[in-house]
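# A structural walkthrough
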Amino acid sequence: MTDFLVKRDDLRQCRLAESAVPEIEPGQALLRVDGFGLTANNVTYAVMGEAMSYWDFFPAAEGWGRVPMWGFAEVERSEADGVEPGTRLYGYLPPSSHLVVTAVDADPSGFVDGSPHRKALPSAYHRYLATGSDRFYRADTEEIQMLLRPLFFTSFLIDDQLDDEGLTGRGPIVLSSASSKTAIAAAFLLAQRQGVELIGLTSPRSAEFVAGLGIYGRTVAYDAIDSLPREAATFVDLSGDGAVRRAVHSHFGDELVHSMAVGVTHWEQLGSGGGELPGPRPTFFFAPTRVTKRAGDWGRAGLEQRVGGAWHPFCEWTGSWLEPLRGEGFEAVRDAYLDVLEGRVAPRTAHVISLPG
Ligand SMILES: NC(=O)c1ccc[n+]([C@@H]2O[C@H](COP(=O)([O-])OP(=O)(O)OC[C@H]3O[C@@H](n4cnc5c(N)ncnc54)[C@H](OP(=O)(O)O)[C@@H]3O)[C@@H](O)[C@H]2O)c1
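In terms of nonpolar packing, the biggest core is built from 99 residues, with Leu-31, Tyr-92, Tyr-128, Leu-175, Tyr-216, Val-236 and Tyr-337 touching the most fellow members. For this core, the element with the highest residue contribution is helix α2 (residues 142-164), accounting for 11 residues. Those residues within four positions of Leu-175 in sequence are excluded, and the remaining contacts are Ala-183, Ala-186, Leu-198, Ile-199, Gly-200, Leu-201, Tyr-216, Val-236 and Leu-238. In this structure, Tyr-222, Ile-225, Phe-235 and Phe-252 belong to the second largest nonpolar core, which totals 13 residues.

A few words on the pairing of strand β17 (residues 349-354). If a strand is regular, its side chains alternate between the two faces of the sheet. For β17, a buried count of five out of six residues is recorded, marking the element as mostly surrounded by other parts of the structure. The pairing of strand β16 (residues 323-328) with β17 spans six bridges and is parallel. Across the sheet, residue Gly-327 finds its bridge partner in β17, namely Ile-353. In terms of handedness, the path from β16 via helix α8 (residues 330-341) over to β17 forms a crossover that is right-handed.

Enumeration over the complete set of coordinates arrives at one cavity of 30 Å³ or more. Its boundaries defined by the atoms lining it, the largest cavity holds a volume of some 40 Å³. In this structure, the largest cavity is lined by Gly-37, Leu-38, Thr-39, Asn-41, Asn-42, Trp-70, Met-146, Leu-147, Pro-150 and Leu-151. Where the lining of the largest cavity is concerned, the elements lending two or more residues are β3 (28-38), α1 (40-47) and α2.

Looking at the ligand, there are 28 residues lining it, with Thr-39, Ser-179, Thr-202, Ser-203 and Tyr-222 nearest. Expressed as a share of its isolated accessible area of 940 Å², the protein-covered part of the ligand is 88%. At the level of secondary structure, the elements contributing two or more residues to the shell around the ligand comprise α1, α2, α3 (181-190) and α4 (204-212). For the shell around the ligand, the element with the most residues is α1, which contributes three residues. Broken down by class, the residue content of the shell around the ligand amounts to 10 nonpolar, 15 polar and three charged.

Our focus in this paragraph is α2. Counted at 1.5 Å a residue, the expected span for α2 with its 23 residues is 33 Å, and the 31 Å between its end C-alpha atoms agrees. For α2, a buried count of 20 out of 23 residues is recorded, marking the element as mostly surrounded by other parts of the structure. In the stretch just after α2, Gly-166 is the one whose phi turns positive, near 75°.

Phi at Ser-53 is positive, roughly 65°, even though this residue is not glycine. Checked against the element boundaries, Ser-53 lands in the loop between α1 and β4 (64-65). If you check the backbone angles, Asp-105 has positive phi at about 55° while not being a glycine.

To continue, consider the side chain of Ser-115. By the element assignment, Ser-115 lies in the loop between β8 (110-113) and β9 (127-130). Polar side-chain contacts of Ser-115 include one of 3.5 Å to the side chain of Thr-102. Residues in contact with Ser-115, not counting those within four places in the same chain, are Val-100, Val-101 and Thr-102.

A few words now on the pattern of salt bridges. Inspection of the entire model under this criterion finds 25 salt bridges. A salt bridge links Asp-163 to Arg-193; the shortest N-O distance between them is 3.2 Å. With Asp-163 in helix α2 and Arg-193 in the loop between α3 and β11 (198-202), this pair connects stretches of sequence that are 30 residues apart. The class for Asp-163 is partly exposed, based on a relative accessible area of 33%. Taken together, the shared-partner salt bridges in this structure form one network comprising Asp-160, Asp-164, Arg-290, Lys-293, Arg-294 and Asp-297.

Okay, the environment of Val-352 next. Of note, Val-352 is situated in strand β17. Residues Val-352 and Gly-37, spaced 315 residues apart in sequence, show a C-alpha to C-alpha distance of 4.3 Å.

Bringing the packing of aromatic side chains into the picture now. Within the structure shown, the criterion is met by 27 aromatic pairs. An angle of 85° between the planes, with centres 6.1 Å apart, marks the rings of Tyr-54 and Tyr-125 as edge-to-face. On the criterion of sequence distance, the pair formed by Tyr-54 in the loop between α1 and β4 and Tyr-125 in the loop between β8 and β9 is long-range, its members being 71 residues apart. Ring centres of Trp-311 and Phe-314 lie 6.2 Å apart, and the angle between their planes is 45°; on these two criteria the pair is classed as tilted. Residue Trp-311 and its partner Phe-314 are both found in helix α7 (residues 300-318); the two are separated by three residues, about one turn of the helix. The buried category is assigned to Trp-311, whose relative accessible area is 0%. The class of Phe-314 is buried, set by a relative accessible area of 2%. One aromatic cluster in this structure is built from Tyr-45, Tyr-54, Phe-57, Phe-58, Trp-70, Phe-72, Tyr-90, Tyr-92, Tyr-125 and Tyr-137. When the ring centre of Trp-298 is taken as origin, the NZ or CZ atom of Arg-306, which lies over that ring, is 4.1 Å away.

How each quantity is defined
Residues numbered from 1 in each chain as written. Predicted model: local features only at pLDDT ≥ 70, side-chain atom pairs only at ≥ 80, totals over all residues. Heavy atoms only, no water. Core = buried A, V, L, I, M, F, W, Y, C linked by side-chain atoms within 4.5 Å. Buried < 20%, exposed > 50% of the residue type's maximum accessible area, 1.4 Å probe, protein only. Helix = DSSP H or I, 4+ residues; strand = E, 2+ residues; numbered from the N terminus. Contact = heavy atoms within 4.5 Å. Pairing = 2+ DSSP bridges. Right-handed = clockwise from strand over helix to strand, strands pointing away. 1 Å grid on protein atoms, 1.4 Å probe; cavity = no way out; pocket = protein on both sides within 12 Å on 5 of 7 lines; lining within 4 Å. Points joined across faces, edges and corners; volume = space filled by probe spheres on them. Near = heavy atom within 4 Å. Areas by Shrake-Rupley, 256 points an atom, 1.4 Å probe, with all protein chains shown as cover. Nonpolar A, V, L, I, M, F, W, Y, C, P; charged D, E, K, R; others polar. Expected span 1.5 Å × (residues − 1). Polar contact = N/O pair within 3.5 Å; in protein donor to acceptor, adjacent residues only side chain to side chain. Salt bridge = Lys/Arg side-chain N within 4 Å of Asp/Glu carboxyl O. Phe/Tyr/Trp six-rings, centres within 6.5 Å; stacked < 30°, edge-to-face > 60°. Lys NZ or Arg CZ within 6 Å of the ring centre and 35° of its normal.

What follows is the structure, given as structure tokens:
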């Protein structure tokens, strides 16, 4: 078994570790990890590893962590009722060759990992979906699913919450890190709503790409926030950059209707721009919390039906610009991780890794 490990207190340090493939006990299954996407979202899992318990999903040697990924795995061996070897699954995976799960609630659609160490963690991460009955699945879009599916799910929930709270009709929606896949997916959905004005804030290097997407009404560089009209607006912050957040709050002041803190793509600027902010207090958006709310309102199947319905047109649209950067094996995992950590990935590209068995 191979694991890709990151030093928890120094995210630039990483290494590969080899060990014996684990034995399984009754009720368990051994999954062979087949591949996953790797974007800033995964780096955020590492950045927030301690604060939000992301290191607890896939425990590792003392002081080291396994950064969670989203991708496909295959059941290699099973001692769990209803989990058949050979089944292909989509779900939350470690950057490892194998994962042992304790399969509960197994049925033809998949199962939940009921491993004791995962019990206290958000349930939205625990389900493994068999590709045979997964409404998101199409064999020819596996790469896009690995890269964009969790981000799109979040974006669907952002779009839904903004509309639910009446924020799509109260001035422009300003998204930072507008070139991130999560922002792009949110903008794609918001742009379909009548009368919504979208402003994409981004770095100069990404501005041309963002403008070319055709979903933001305006593209503005971080150092030109002052050029925006001072009016009622909503801020959706994917950057987590204290200086950007301060600039937006200072510019709009009390006109800012809502400030939604979604991501930390600028992870090294997380603590910058401190002190009291003008305007509303930023509210943390956490997709699993919103999943629980909407699963309660619509039922789990109702939520998946809605997100699945919106997913396929988005998936097709990304084909017009997204260029997957394909890598194979654990050296590629390390290279991709460091590329994303250091912000070296051009926005029209994204790393997708396969791990040959
Ligand atoms: N709260 C939630 O529930 C939730 C759920 C899903 C995702 N998210 C968050 O959404 C964010 C976006 O994730 P993603 O996977 O969509 O990102 P992504 O597509 O990998 O985009 C990365 C973008 O971040 C900026 N960036 C990356 N590295 C940088 C660096 N070192 N210095 C400066 N800028 C850098 C660039 O945007 P600009 O140049 O445009 O700034 C870049 O295009 C992540 O923080 C993720 O955790 C949150």
